[in-house]
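# Fold and geometry: a report
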Amino acid sequence: MRQSLKRRARNRQNLSQLKTQVKKLRSAIADGDAKAAQSLLSQTVGQIDKAAKKGVVHDNAAARYKSRLTRKVRSLAATK
């Protein structure tokens, strides 16, 4: 199997895991569940960092994701 195909498969898997984790966090934020959102935030940030380290997403895009999600979770906690 060609290296590019192996890498593509690995990148797709990492990107899929990242998107799933972000969706879970956004769902918790939409539901207004501050406690669940806070616990999911650390997992999501770890997944974003992992994807950035592996080159699946650009470093600046990863920072942007983390910043926006953290802001939403903090605003959710502040309203409660």
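Residues numbered from 1 in each chain as written. Predicted model: local features only at pLDDT ≥ 70, side-chain atom pairs only at ≥ 80, totals over all residues. Heavy atoms only, no water.

Here we come to the overall build of the protein. Scanning the protein from terminus to terminus reveals three helices and zero strands. Start at the N end of the protein and walk to the C end: the helices and strands fall as α-α-α. The principal-axis extent of the C-alpha atoms belonging to the protein is close to 55 × 20 × 15 Å. Taking all 80 residues of the protein together, the buried fraction comes to 30%. In the structure as shown, the protein presents an accessible area of about 5800 Å², 48% of it carried by carbon and sulfur atoms. Taking the average location of the 21 positive side-chain charges in the protein and that of its 4 negative ones, the two points are 10 Å from each other. (Helix = DSSP H or I, 4+ residues; strand = E, 2+ residues; numbered from the N terminus. Buried < 20%, exposed > 50% of the residue type's maximum accessible area, 1.4 Å probe, protein only. Areas by Shrake-Rupley, 256 points an atom, 1.4 Å probe, with all protein chains shown as cover. Lys, Arg positive; Asp, Glu negative; His and termini not counted. Charge placed at Lys NZ, Arg CZ, Asp CG, Glu CD.)

A separate point is helix 1 (residues 3-31). In a regular helix each residue adds 1.5 Å, so 29 residues correspond to 42 Å; helix 1 covers 42 Å between its end C-alpha atoms and thus fits that length. Within helix 1, burial applies to N14, L18, Q21, V22, L25, A28 and I29. On its buried face, helix 1 is in contact with helix 2 (34-53) and helix 3 (59-79). Backbone geometry just after helix 1 places G32 at a positive phi near 80°. (Expected span 1.5 Å × (residues − 1). Contact = heavy atoms within 4.5 Å.)

Here we take up the nonpolar core. Within soluble globular proteins, side chains that are nonpolar generally end up buried alongside one another. Core analysis: the largest hydrophobic core is formed by 17 residues, its most contacted members being L18, L25, A37, V57, L69 and V73. Within the residue set of this core, elements represented by two or more residues are helix 1, helix 2 and helix 3. It is helix 2 that provides the largest number of residues to this core, a total of six residues. Sequence-distant contacts of L18, that is, excluding residues within four places in its chain, are made with Q47, I48, A51 and V57. (Core = buried A, V, L, I, M, F, W, Y, C linked by side-chain atoms within 4.5 Å.)

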